Amino acid sequence: MTKDIYDIKNALAAYLARRGVPEFSLKAALVDMDGVLYDSMPRHARAWVKMMASLGIECPEEYFYLYEGMTGAAIINQIFKERGMGEVSPEEAKRLYAIKAANFVALGQPEMMPVTIDILGKLRDNGVKRVLVTGSGQQSVLDRLSRDYPGIFPDDCRVTARDVVHGKPAPEPYEKGMALAGVAPCEAIVIENAPLGIMAGHAAGCFVIGVTTGPIPEAEMWKAGADLLFPSMSEFHALLPDILSILKPSNL
Ligand code: MG
């Protein structure tokens, strides 16, 4: 079902009631990377499956969509814990993540998500700060950001796996993102494609816009705490002028 301006108004009213705040004033967008900036999740999932298989651990690709947003070390520990294999040392987690990262690189560069650059450009043109908030430590992708999204994410406005103690679904990455932008929760939207990322943005108190760009069903996104949900970046893009007019009243 196509969203319209009333869905945005209803989502805002529900957010204000939930947060107990009188208004929302959009000043910053906290933006996830995988599945939002890049169509990278299928490659990540394949790279993880291959690394785990090399350890004799069988995991379906779907696992890694559900774990999306967690840091690499957290994903490794989660899978080992589920199998009663005990805790992984930080050194071993680093070694295993390096194998996964190399597998990912071998699969070739992921494509940029269509229209995301237009969405972020429009946010910038409307005076909305942009902060990257990713659980990724995949340097091969992080290194491309400035080239692929020129002028979108200032160097000092990036939160990656290296910057947090507790990654998504904990609120810390988005709290750090807000601190970098100098904004409060009722001034920040989160743009996410994964349930754990949505949970993190929700726990941080932000207005969370979910976009289902992968195989995870919409119900999981709502359950995780999405305030607004789009079935594609194109639909999000189409409604962006309305989102700006409602969440950023000074834009009128
Ligand atoms: Mg993502």
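Residues numbered from 1 in each chain as written. Predicted model: local features only at pLDDT ≥ 70, side-chain atom pairs only at ≥ 80, totals over all residues. Heavy atoms only, no water.

Draft legend 1. Structural detail: the pattern of salt bridges. Going through the model one piece at a time under the given rule, you end up with 12 salt bridges. Here Asp-148 ties to Arg-144 by a salt bridge, and the two come within 2.9 Å at their closest N and O atoms. Of the two residues, Asp-148 and Arg-144, both sit in the buried class. Overlapping salt bridges bring together Asp-32, Lys-168 and Glu-192 as one network. (Salt bridge = Lys/Arg side-chain N within 4 Å of Asp/Glu carboxyl O. Buried < 20%, exposed > 50% of the residue type's maximum accessible area, 1.4 Å probe, protein only.)

Draft legend 2. Summary view of the packing of helix 4 (residues 72–82) against helix 5 (residues 90–106). The contact between helix 4 and helix 5 brings their axes to 9 Å, and the two run at 105°. Taken as axis vectors, helix 4 and helix 5 run roughly perpendicular relative to one another. Note on element contacts: helix 5 touches helix 4 through Ala-93, Leu-96 and Tyr-97, opposite Gly-72, Ala-73, Ile-76 and Phe-80. A class-by-class count of the residues in the contact of helix 4 with helix 5 yields six nonpolar, one polar and no charged. (Axes fitted to C-alpha atoms, helices over the stretch in contact; angles between N-to-C directions. Helix = DSSP H or I, 4+ residues; strand = E, 2+ residues; numbered from the N terminus. Parallel < 35°, antiparallel > 145°, perpendicular 65-115°, else oblique. Contact = heavy atoms within 4.5 Å. Nonpolar A, V, L, I, M, F, W, Y, C, P; charged D, E, K, R; others polar.)

Draft legend 3. Region of interest: the packing of aromatic side chains. Applying the stated criterion to the full structure yields 10 aromatic pairs. Relative to Phe-24, the ring of Tyr-15 lies with its centre 5.6 Å away and its plane at 85°, an arrangement referred to as edge-to-face. Under the relative-accessibility criterion, Tyr-15 is labelled buried at 0%. Both rings, one in Tyr-38 and one in Tyr-149, keep their centres 5.9 Å apart while their planes meet at 90°; by these two values the pair is edge-to-face. With Tyr-38 in the loop between strand 1 (28–31) and helix 2 (41–54) and Tyr-149 in the loop between helix 8 (145–148) and strand 3 (158–159), this pair connects stretches of sequence that are 111 residues apart. Like Tyr-149, Tyr-38 is buried. By way of ring pairs, the aromatic residues Trp-48, Tyr-63, Phe-64, Tyr-67 and Tyr-97 are connected into one cluster. (Phe/Tyr/Trp six-rings, centres within 6.5 Å; stacked < 30°, edge-to-face > 60°.)

Draft legend 4. Broad picture of the packing of helix 2 against helix 4. One way to put it is that helix 2 packs onto helix 4 with a least axis distance of 13 Å and a crossing angle of 50°. Classed by the angle they form, the pair helix 2 and helix 4 counts as oblique. You can see that helix 2 and helix 4 cross each other, and the crossing is right-handed. Across the interface between the two elements, Trp-48, Met-51 and Met-52 of helix 2 pack against Gly-72, Ile-75, Ile-76 and Ile-79 of helix 4. (Left-handed = near helix turned anticlockwise from the far one by under 90°.)

Draft legend 5. Structural context of the sheet that holds strand 1. In spatial order, the strands read 3-2-1-4-5-6; together these six strands make up an open sheet with parallel pairing. Two strands in the sheet have a free side with no partner beyond their single neighbour: strand 3 and strand 6 (228–230). For strand 1 and strand 2 (residues 129–133), the ladder comprises four bridges, and the chain directions are parallel. Across the sheet, the residue bridging to Leu-30 is Val-131, located in strand 2. The strands touched by helix 9 (residues 172–181) within the sheet are strand 1, strand 2, strand 3 and strand 4 (188–192), with strand 2 carrying the most contacts at an inclination of about 150°. (Pairing = 2+ DSSP bridges.)

Draft legend 6. Representation of the pairing of strand 5 (residues 207–211) in the model. Taking burial as the measure, the five residues of strand 5 include five buried ones, the bulk of the element. Neither face of strand 5 is left uncovered, since the one carrying Phe-207, Ile-209 and Val-211 and the one carrying Val-208 and Gly-210 both have all their residues buried. Sheet topology note: the strand 4/strand 5 ladder contains four bridges and is parallel. Across the sheet, residue Glu-192 finds its bridge partner in strand 5, namely Gly-210.

Draft legend 7. Looking closely at the state of the cysteines. Tallied over the entire structure, the rule returns zero disulfides. For Cys-206, which is in no disulfide, the shortest distance to another cysteine sulfur is to Cys-186 and amounts to 9.7 Å. (Disulfide = S-S within 2.5 Å.)

Draft legend 8. Structural detail: the nonpolar core. Leu-30, Trp-48, Met-52, Phe-64, Ile-76 and Ile-79 are the most contacted members of the largest nonpolar core, which has 43 residues in total. Top element by residues in this core is helix 2. It accounts for five residues. In this structure Ile-79 touches Met-52, Ile-57, Cys-59, Phe-64 and Tyr-67, once residues within four positions along its chain are discounted. Core analysis: the next-biggest nonpolar cluster, separate from the first, contains 42 residues, Val-31, Phe-104, Ile-152 and Phe-153 among them. (Core = buried A, V, L, I, M, F, W, Y, C linked by side-chain atoms within 4.5 Å.)

Everything listed here is a matter of geometry and, on its own, says nothing about what the molecule does.
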